[in-house]
Amino acid sequence: MDWKLYYAPNAVYKDCDFATEEQLRQAGFDCIPATVPGNFELDLMAAGKEEDLFYSANTLHARHWEVYHVWYVTEFDADPNAYLHFDGIDTVAEIWLNGEFVATNENMFTALDVDAPLLAKGNRLVVHILPAVLEARKYPLPASCYHTTYGLESLAIRKAPHVYGWDIMPRIVSCGIWKPVTLRCRKPDAIDEQFIFSRGVVPDQKDLTFGRVEYMLDACLTLSRDEIAGYSWRLTLQDGLDSFTFGEAVYHNHISFAAVIDRARLWWPKPVGEAHLYTATLQLLYDGQTVDEKTQKVGFRTVELERTEDCSGPEGGEFVFRVNGKKVFICGTNWVPLDAFHSRDEERLPMAVALLEETGCNMIRGWGGNVYGSDSLYDWCDEHGVLVWQDFAMACGVYPMEEYFYDLLREEVKQVAKRLRNHPSLALWAGDNECDMSYVYWRGLLREPANYAVTRKIIPEVLELHDFTRPYLPSSPYVSRRNVINNVFTQGTLPEDHLWGPRDYFKGKYYTTAAAHFASETGYHGCPSPESLKKYIAPGLLWPMLDETGYGNRDWLTHATCVEPEPGKTYSYRITLMVDQVKNLFADQPEDLDTFARMSQISQAEAKKFFIERFRIDKWNKTGIIWWNLLDGWPQISDAVVDYYGVKKLAFSYICRSQKPVCLILSEPDTAGNYTLFGVNDLPREMELTYTVQDVTTGQLLHSGSAVLPADSSTPLTVLTASAHRMLQFTWQAAEQQHSGINHYYTDLLHIRYADYLRDLSAMGWDCFEGFNASESF
């Protein structure tokens, strides 16, 4: 389909119905070529009607377009028996076909089928998208609702929360047909949906590749004949090595079938084992002839979340994932928006998953301020053994407990659950991001969390209907009534928590004493490279970054996602925060942008490394960490370890080394100044290795040894002493060569000399500063 786009401000629109392109043309509205999938602002930029919204402070002008109505128009031929399918419209829309009103859309996250008569030739389609900020005003919010200053508009409209302005994304309240539009045909006999899931797995303890599997097939059918005799179904599971076939007669338009495979290949997350997938082909037959067929990938596994409400007291609490009955330590990253314009998500996905694979992560958390992951992302996670924690798309607010909102959410949860439930990678549904914190604490009055029906009633009721096979966590972090009574949040004893804290020195008391077993968010700032900064900061504002007020200048604040780039406004602290982190770490201070950016990247790299390694050496008291975050969704100054352009910060290479399944990690010193070297092994088998400890600063060999690391363990290997401000390097050779590696530790990492650190980094060959002037390397 070829598309055009008409647009006009609400003041000009005047509540008129424009059912055809001719009416839009006669109204004199501006018209430009459109791309579908696409976004309004991208088409404006392509047509020269708007500047690059990612450059300098231009993103602030995006607010001008928030009150515009947009009409997508196209003409197409069709099979008269077909129907229109919209994968996603952003957001509130009216749809007109051949001059007739045929449908509405009210949710960015749901697909829409339009069953209306089609012509063989010359169908005329108009999709009118209404301004989301104005539509939100039609729903007065009750006093119980709450959000940040810029987020109140988001509560009544089912749209990605981040678009209203977040500390990691700009305010661009976009609109558009952001996913594909297709023509589909219904068959008289059809498999409408299918769900294949494991209800029991018993791994072979001698070879975890295999296990006994009890699985279930659930399917819904459309049958054209009144007489059901003659219908049957057949399910074939194949993987190139084995083939299993099951089937029987159809007795209803619903199939519910259970079977056992005594020796199937199991699906495991990395690094436990292979993420084995079968190709499952379900056929609907009549008189032995196939009338419909559906194919999908299937991975046999079970997943559980063992958790308690508190991690204080003698038992210590718990928050740990089990796959196929086996505990899995999580090294993961938060999956945040790939782009401020979500029509570009798919084109950025290959870069993102390649980076994800390089880090060795075994889980991503689909953050609640984002859109839901695409089928392509979930397919990739299935194939690569990466678990997915999926928040529902709500964040940092108290959403309306009213029927209109419940209706929207029920349909959303149903569609999302049905689309994603067949993926073995999907490990957890979470109701939202930080909404429990908002509901219970952020208004200054303690409230009963069980009364928050959005996540305590509406979501779990829908999941109970459509996906009862995996755990559900009402919020992240989850706050229960008992937590409120026992003041668990203030005491810092939630078993799963977001460990942001003061974001001062990363080895300060908050970060070294946090009690949580599982950190589902934690991060630290790192300045992008000078070459990347030059792409979006105006030349005169690159350096110094701070103005006379001590805050970031206009461009730096804008790209720290300040909706109002002024001192004291929301998120204006973020540049100063990054500057202070550099001041905390280094004894000397930078005098130019290149030096500052290197110092900031060193600070971030050491912080992320410390957060990960602190959790790993304390395995199984600590059970996982999902750090913030892998990749920026627009050009910004942030916690991401790869910037929007794909340029890696130093932290990326540090994380890759710290997350190797077999890793040597040094503890913080005890009161006597002694360090303990740990061997961490996340593999399900023991690993024999030899190792050395080198003082890179002096060239002295401090220790060498050998060890056998038990499976799934953190094992103390030796105790070391070292002088202050020394770069120690650990090298190990494992019996399985791919698990050999190298790591480091810098002693007394505070008030260090920049030149000394950079000298030692260069000596190890690790000065991996991308996007810097090579002549300035040390």
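Our subject is the structure that appears above.
Residues numbered from 1 in each chain as written. Predicted model: local features only at pLDDT ≥ 70, side-chain atom pairs only at ≥ 80, totals over all residues. Heavy atoms only, no water.

1. Re the sheet that holds strand β29 (residues 675-681)
Right, on to step 1. Read from one edge to the other, the open sheet built from three strands follows the order β28-β29-β32, with strand pairing classed as antiparallel. Taken across any chain shown, the strands that pair with only one partner, and hence form the sheet edges, are β28 (662-666) and β32 (713-720). Averaged over all pairs of adjacent strands, the angle between their axes in this sheet comes to 20 degrees, without regard to strand direction.
Right, on to step 2. When β28 meets β29, the two strands line up antiparallel, connected through five bridges. Across the sheet, residue V662 finds its bridge partner in β29, namely N681.
Right, on to step 3. Running at roughly 105 degrees to β28, helix α16 (residues 593-617) makes contact with β28, β29 and β32 of the sheet. (Pairing = 2+ DSSP bridges. Helix = DSSP H or I, 4+ residues; strand = E, 2+ residues; numbered from the N terminus. Axes fitted to C-alpha atoms, helices over the stretch in contact; angles between N-to-C directions. Contact = heavy atoms within 4.5 Å.)

2. With respect to the packing of aromatic side chains
Right, on to step 1. In this structure the tally under the stated criterion is 54 aromatic pairs.
Right, on to step 2. Each ring, one from F506 and one from F610, has its centre 6.5 Å from the other, and the planes form 45 degrees; the classification is tilted. With a gap of 104 residues between them, F506 in the loop between β25 (496-498) and α12 (509-513) and F610 in helix α16 connect regions that are remote in the sequence.
Right, on to step 3. We classify F506 as buried; its relative accessible area is 1%.
Right, on to step 4. One aromatic cluster in this structure is built from Y215, W233, F244, F246, F257, Y278 and F300.
Right, on to step 5. Here the guanidinium or amino end of K622 rests over the ring plane of F615, the centre of that ring lying 5.1 Å away. (Phe/Tyr/Trp six-rings, centres within 6.5 Å; stacked < 30°, edge-to-face > 60°. Buried < 20%, exposed > 50% of the residue type's maximum accessible area, 1.4 Å probe, protein only. Lys NZ or Arg CZ within 6 Å of the ring centre and 35° of its normal.)

3. With respect to α16
Right, on to step 1. Given a rise of 1.5 Å per residue, 25 residues ought to cover 36 Å, and the 36 Å separating the end C-alpha atoms of α16 matches this to within 8%.
Right, on to step 2. For α16, a buried count of 25 out of 25 residues is recorded, marking the element as mostly surrounded by other parts of the structure.
Right, on to step 3. One side-chain oxygen at the N-terminal end of α16 lies 3.2 Å from the backbone nitrogen of D594; it belongs to D592. (Expected span 1.5 Å × (residues − 1). Polar contact = N/O pair within 3.5 Å; in protein donor to acceptor, adjacent residues only side chain to side chain.)

4. Some details on the nonpolar core
Right, on to step 1. Counting residues in hydrophobic clusters, the biggest one holds 126 residues, and the most contacted among them are W335 and W556.
Right, on to step 2. Sorting elements by how many residues they give to this core places α16 first, with eleven residues.
Right, on to step 3. Here W556 is in contact with C527, L533, I537, L541, L542, M545, I575, M578, L593 and I637, once residues within four sequence places are set aside.
Right, on to step 4. Judged by nonpolar contacts, the second largest core, of 51 residues, contains V213, Y231, F300 and L428. (Core = buried A, V, L, I, M, F, W, Y, C linked by side-chain atoms within 4.5 Å.)

5. Structural notes on the packing of α16 against helix α17 (residues 650-658)
Right, on to step 1. One can describe the packing of α16 onto α17 by two numbers: an axis separation of 8 Å at closest approach and a directional angle of 20 degrees. As summarised for this structure, α16 and α17 are arranged roughly parallel, according to the angle between their axes. Once α16 is placed against α17, the crossing between them reads as right-handed. Here Q601, I602, Q604, A605, E606, K608, K609, I612, E613 and R616 of α16 lie close against α17, whose contacting residues are L650, A651, Y654, I655 and S658.
Right, on to step 2. Its residues placed into classes, the contact of α16 with α17 shows seven nonpolar, three polar and five charged. (Parallel < 35°, antiparallel > 145°, perpendicular 65-115°, else oblique. Left-handed = near helix turned anticlockwise from the far one by under 90°. Nonpolar A, V, L, I, M, F, W, Y, C, P; charged D, E, K, R; others polar.)

6. A look at the environment of R503
Right, on to step 1. Within the secondary structure, R503 sits in the loop between β25 and α12.
Right, on to step 2. Residues R503 and Q581, spaced 78 residues apart in sequence, show a C-alpha to C-alpha distance of 7.8 Å.
Right, on to step 3. Setting aside anything within four residues of it in sequence, one finds R503 in contact with Y511, Y524, Y573, R574, L577 and Q581.

7. Structural notes on the pairing of β28
Right, on to step 1. The buried fraction of β28 amounts to five of the five residues, a majority that puts the element mostly inside the structure.
Right, on to step 2. Both faces of β28 are covered, namely the face carrying V662, L664 and L666 and the face carrying C663 and I665.

8. Structural notes on unusual backbone geometry
Right, on to step 1. Along the chain, K270 connects to P271 via a cis peptide bond; the corresponding omega equals -5 degrees.
Right, on to step 2. Its place among the elements puts P271 in the loop between β14 (254-265) and β15 (278-286).
Right, on to step 3. Here K619 and W620 are connected by a cis peptide whose omega angle stands at 5 degrees.
Right, on to step 4. Looking at the secondary structure, you find W620 in the loop between α16 and β27 (624-627).
Right, on to step 5. At D287, a residue that is not glycine, the phi angle is positive and equals roughly 50 degrees.
Right, on to step 6. Tracing the chain through its elements places D287 in the loop between β15 and β16 (289-298).
Right, on to step 7. A relative accessible area of 58% means that D287 is categorised as exposed.

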